[in-house]
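Structure at a glance
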Amino acid sequence: MKSVSHKQQTVAEGSIVRVMVPRALPSMLDYRWCGSEPPQVGALVSIPVGRQGCHGMVVEVLETSPFQNLKNAEPLAGVPALAAITAAFYRWVARYTLSAPGDPLRAALPKAQVPPEPAKPVVYGVGQLPEKLTTQRQAVFEAAAVPATASDLAKRAGVSSCVVKRLVESGSLVPVEVDDRAEFVLDTHLAVLTEDQQHAADAIQKSVRNASFKPFLLDGVTGSGKTEVYFHVIADLLQGEVDGQALVMVPEIALTPQWLQRFEEQFGFKPVVWHANITDVQRQRAWWQVHCGEARVVVGARSALFLPFRNLKLVVVDEEHDPSYKQDEVFRYHGRDMGVALAQHWQCPAVLASATPSLETWQNAQQRKYQRLELKKRHGNNMMPPIHLVDLKAEKLEKNKFLSDSVQQEIKAALERQEQSLIFLNRRGNAPLLLCTACGYRRDCPSCDATLTVHGDKLQCHHCGLTEPWPDTCPSCHEADTWRMYGPGTRRLVHEVQEVFPDVRLAIADSDAVHTPAQQRELVRQIQEQQVDIVIGTQMMAKGHHFPNLTLAAVIDGDMGLAHGDVRAAEKTFQLLTQVAGRAGRGEKAGKVLVQTYQPEQPLFQHLKDYNRLAFYEHELALRQEWHDPPFGRQIALVVDGLDEKLVKKSAEVLAQKAPETKGIIVLGPAPAPLAKLRDRYRYRLLVKGVVPLQKYVKSWLENTPIPQKIRVVVDVDPHSYF
Ligand code: ADP
Ligand code: ZN
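Residues numbered from 1 in each chain as written. Chains lettered and ligands numbered in written order. Predicted model: local features only at pLDDT ≥ 70, side-chain atom pairs only at ≥ 80, totals over all residues. Heavy atoms only, no water.

A few points about the sheet that holds strand β25 (residues 506-509)
- The strand order β18-β28-β27-β19-β26-β25 describes an open sheet built from 6 strands, whose pairing is parallel. A single partner strand is all that each edge strand has here, and the edge strands are β18 (387-391) and β25. Sheet twist, expressed as the mean angle between neighbouring strand axes with direction ignored, is 20°.
- Of the pairings in the sheet, the one linking β25 to strand β26 (residues 534-537) comprises 4 bridges and is parallel in character. Residue Ala509 lies in a different strand from β26, and its bridge partner there is Gly537.
- Sheet strands touched by helix α12 (residues 405-416): β18, β19 (420-424), β26, β27 (550-555) and β28 (592-597). Its angle to β28, the strand with the most contacts, is close to 160°. (Pairing = 2+ DSSP bridges. Helix = DSSP H or I, 4+ residues; strand = E, 2+ residues; numbered from the N terminus. Axes fitted to C-alpha atoms, helices over the stretch in contact; angles between N-to-C directions. Contact = heavy atoms within 4.5 Å.)

Considering the coordination of the zinc ion (ligand 2)
- In the first shell of the zinc ion (ligand 2), the protein supplies Cys445 (SG), Cys448 (SG), Cys461 (SG) and Cys464 (SG), at 2.3 to 2.4 Å from the metal.
- Because the angles between the 4 donor atoms bound to the zinc ion (ligand 2) fall within 105 to 112°, the donor set is best described as tetrahedral. (Donors = N, O, S within 2.8 Å, 3.2 Å for Na, K, Ca; no water. Tetrahedral: all angles 85-135°; square planar, octahedral: opposite > 155°, others 65-115°.)

Concerning the pattern of salt bridges
- Tallied over the full model, the rule gives 36 salt bridges.
- Among the ionic pairs, Arg613 bridges to Asp219, the shortest N-O distance being 2.7 Å. With Arg613 in helix α17 (residues 613-626) and Asp219 in strand β11 (residues 214-220), this pair connects stretches of sequence that are 394 residues apart.
- What makes Arg613 buried here is its relative accessible area of 16%. (Salt bridge = Lys/Arg side-chain N within 4 Å of Asp/Glu carboxyl O. Buried < 20%, exposed > 50% of the residue type's maximum accessible area, 1.4 Å probe, protein only.)

A few points about the pairing of strand β5 (residues 52-62)
- Note that strand β2 (residues 16-20) and β5 share 5 bridges and pair antiparallel. Across the sheet, Val17 pairs through a bridge with Val61, a residue of β5.
- Here strand β4 (residues 44-49) hands over to β5 after 2 residues, with Gly50 in that stretch at a positive phi of 60°.

Points about the packing of helix α7 (residues 226-240) against helix α8 (residues 257-267)
- Interhelical geometry of α7 versus α8 gives an angle of 45° and a closest axis separation of 12 Å. Between α7 and α8, the crossing angle belongs to the class labelled oblique. As α7 packs across α8, the resulting crossing turns out to be right-handed. Counting all contacts with α7, which are made through Thr227, Glu228, Tyr230, Phe231, Ile234, Ala235 and Leu238, the residues of α8 involved are Trp259, Arg262, Phe263, Gln266 and Phe267.
- Within the contact of α7 with α8, the residues separate by chemical class into 8 nonpolar, 2 polar and 2 charged. (Parallel < 35°, antiparallel > 145°, perpendicular 65-115°, else oblique. Left-handed = near helix turned anticlockwise from the far one by under 90°. Nonpolar A, V, L, I, M, F, W, Y, C, P; charged D, E, K, R; others polar.)

Structural notes on the packing of aromatic side chains
- All chains considered together, the criterion is met by 21 aromatic pairs.
- Relative to Tyr617, the ring of Trp362 lies with its centre 5.4 Å away and its plane at 80°, an arrangement referred to as edge-to-face. Taken together, the residues Trp362 in helix α11 (residues 359-366) and Tyr617 in helix α17 connect sequence positions 255 residues apart. You'll find Trp362 and Tyr617 in the same group, each marked buried.
- Each residue in the set Tyr230, Phe231, Trp259, Phe263, Phe267 and Phe269 is aromatic and connected to the rest through ring pairs, giving one cluster. (Phe/Tyr/Trp six-rings, centres within 6.5 Å; stacked < 30°, edge-to-face > 60°.)

Focus on empty space enclosed by the protein
- Counting across every chain of the model gives 5 cavities of 30 Å³ or more.
- A volume near 80 Å³ is recorded for the largest cavity.
- In terms of lining, the largest cavity is formed by His321, Asp322, Pro323, His334, Arg336, Ser358, Glu360, Arg568, Glu571, Lys572, Gln575 and His720.
- With 3 residues, helix α15 (residues 569-581) is the largest single contributor of residues to the lining of the largest cavity.
- When its residues are assigned to classes, the lining of the largest cavity shows 1 nonpolar, 5 polar and 6 charged.
- Counting the residues that make up the lining of the largest cavity, at least three belong to each of domain 3 (191-380) and domain 4 (382-429 + 488-625). (1 Å grid on protein atoms, 1.4 Å probe; cavity = no way out; pocket = protein on both sides within 12 Å on 5 of 7 lines; lining within 4 Å. Points joined across faces, edges and corners; volume = space filled by probe spheres on them. Domains from an automatic or database assignment.)

Things to note about the site of ligand 1
- Neighbouring residues of ligand 1: 15 residues in total, closest Val192, Gln197, Gly223, Thr227 and Arg262.
- At 2.7 Å from a nitrogen atom of ligand 1 is found a main-chain nitrogen or oxygen belonging to Val192.
- Arg262 is positioned with one of its side-chain polar atoms (N or O) 2.7 Å from an oxygen atom of ligand 1.
- Look at ligand 1: alone it shows 550 Å² of surface, and the protein chains cover 73% of it.
- In terms of residue count, the dominant contributor to the shell around ligand 1 is α7 (3 residues).
- For the shell around ligand 1, the residue count by class is 4 nonpolar, 8 polar and 3 charged. (Near = heavy atom within 4 Å. Polar contact = N/O pair within 3.5 Å; in protein donor to acceptor, adjacent residues only side chain to side chain. Areas by Shrake-Rupley, 256 points an atom, 1.4 Å probe, with all protein chains shown as cover.)

Considerations on unusual backbone geometry
- Residue Pro631 is bonded to the preceding Pro630 through a cis peptide linkage, with omega at 5°.
- With an omega of 10°, the peptide bond running from Gly669 to Pro670 counts as cis.
- Following the sequence through the fold, Pro670 ends up in strand β30 (residues 665-678).
- In the Ramachandran plot, Arg368 falls in the positive-phi region, its phi being about 65° despite a non-glycine side chain.
- Its place among the elements puts Arg368 in the loop between α11 and β17 (371-375).
- Although it is not a glycine, Asn400 adopts a positive phi angle of roughly 60°.
- Checked against the element boundaries, Asn400 lands in the loop between β18 and α12.

Remarks on the sheet that holds strand β32 (residues 712-717)
- Spatial strand order, β30-β31-β29-β32: 4 strands in an open sheet with antiparallel pairing. Strands at the two margins of the open sheet, each flanked by one partner only, are β30 and β32. Neighbour-to-neighbour, the strand axes of this sheet turn through a mean angle of 20°, independent of strand direction.
- Packing of helix α19 (residues 695-703) onto the sheet brings it into contact with β29 (634-642), β30, β31 (681-690) and β32, and relative to β29 it is tilted by some 25°.

So, the pairing of strand β12 (residues 245-249)
- With 5 of 5 residues buried, β12 lies mostly within the body of the structure.
- Alternating residues of β12 divide into Gln245, Leu247 and Met249 and Ala246 and Val248, and every residue in both groups is buried.
- Taken together, the 5 bridges between β12 and strand β15 (residues 312-318) define a ladder with parallel strand orientation. From the neighbouring strand, Val248 faces β15, where its bridge partner is Val316.
- As judged from the 4 bridges shared by β12 and strand β14 (residues 297-300), these two strands associate in the parallel manner. Each residue of the ladder has a partner; that of Val248, found in β14, is Val299.

Pasting the structure below:
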């Protein structure tokens, strides 16, 4: 915030507060503190903003403010302040990501309000003896010797809730106060660790106990016991610390009912869960449980970072390489990187777990900035299945078919052995392209520079969500029945598989077919109980599941991720396909993996086939170093967009001209974005590259370049998508 000294007014010390507002405002706001106690950083306040009010958090206590006529900030009664560390972390994240200063607070309080504290369930104990003591009443009365909620008492006594209700009305059961924080009894059922695993757990535990920041790379193939290791560390923390908290971050799609069940079985309690699809009530409860310290273990997707921890002692980022950690909308941040920063703020260890670490993390481990803990073996010594490349240049596919002969033969063999197969294709829907065979007209999204994807009898844009019916006639040549689908999608594969194997039992695992936990549980059950022969799945199937009878994984389009100008394209493909390979042959039976590709000679595929991760990483790192790409250089992407194409182009050019000359920093572009139009807005990209932190440079550049009102400049620090 710029100071405007001639307007400066002096107010008595400690009565002005600077407040972070959970809204998309360009700055924080100053208010007059009107609490009876002195203000403190982290205090939650009610403030007028514009015409409405909202809640905010005090980040600074000031002596003076450059602004006059300050409005009042009322402390929220009965709501303890957030930890000063949380306030510092929020500020750091906003500065690092060049986001609106209130964005981190907004991630935890999307409604710009602190949710009301959920009412504590009333706990009943024994009151006066009932006049008429039926057997049912007696059972309840006895059960209430240990106070519990009405529904728990009913359950314990095996009676209906009416019986309990009547006892409450007659005063035979009375509400009692219990200190529920005191009785956290840990009842763990953990595996005995192997030597490697124990060594890793010891190293992390040591730094939990020392209360020092230390990042670890927990490196081991799928099934080597990484989860087992951090479960041990968490158990140790829960035993040793009176109120220490642990945060486990997992990619949203890996946060399955199976994961939670495993946690509950091993810990004897449920963790607090946080992700985009929990209900408002769950969100409210979770926020408060974390805030009051009752939540000891939180498992969540990336935005769990912004929960109001009280005493955080451990941050785990599982599958740390997973692309979903990068949020690419509105508030752009990388969950893994912010997780490490969170640990640094709390002075606790950060454990990044992966079988295929990101090159950023790998390089940090190489440079000894992170300590690498290696788990060398798969538990039970299961071998990774051999990977075979299917060269689609040699083995030609039939027109509009996607299963090569090799893949068909292997599926047939698996069926004969009564084993299951996974057909992996990371694209849902029927086909990515619809063409008119008479005139060549291509059905595009009217709002985006993208083709519409066929979903059954509908067409859909995967960028803006537009859905329209399949057109009867071609809008261009007006012929009927001329449409033809091109390219594969999961639904289309279903037809092909059914043609080749008419009697198989098929399941589809993509986000069109499976979007609730119940559907997911059902799918997993069907596969586990072998009611399914072939699963056709997207990345939803790549993660976490253990299906002992699934012995074949066939990747339909190994080249799919390589098409766009993404510096991480090869890395992401290597990681994803390694994960898919890990799905085959996880039980006693040997597995096999087939990858269809048009470019088997690429180092990516050669190293993948040999499971030679090190060689692939060295190859990739050498390329990145040559081009000063991450992890050797830093990047900030700027996307200039607006409704008027000419104005967008002009503004992007002006912006580029105004880029200050600085040694070691270059600005590339502007160029039309690969996705040149999105939701009716035209887009141009600039890329800032350098070997030093670039935030200050970009910030002052943007502050000193006037941007037309109708134009938006979106800033993406450490971009992971290049559309
Ligand atoms: P990762 O997280 O590396 O994929 P997991 O921790 O999920 O590996 O372990 C894979 C499987 O092996 C799980 O079923 C787990 O319970 C089992 N496992 C791992 N380590 C041990 C151990 N020391 N004792 C018994 N079972 C183990
Ligand atoms: Zn669209």
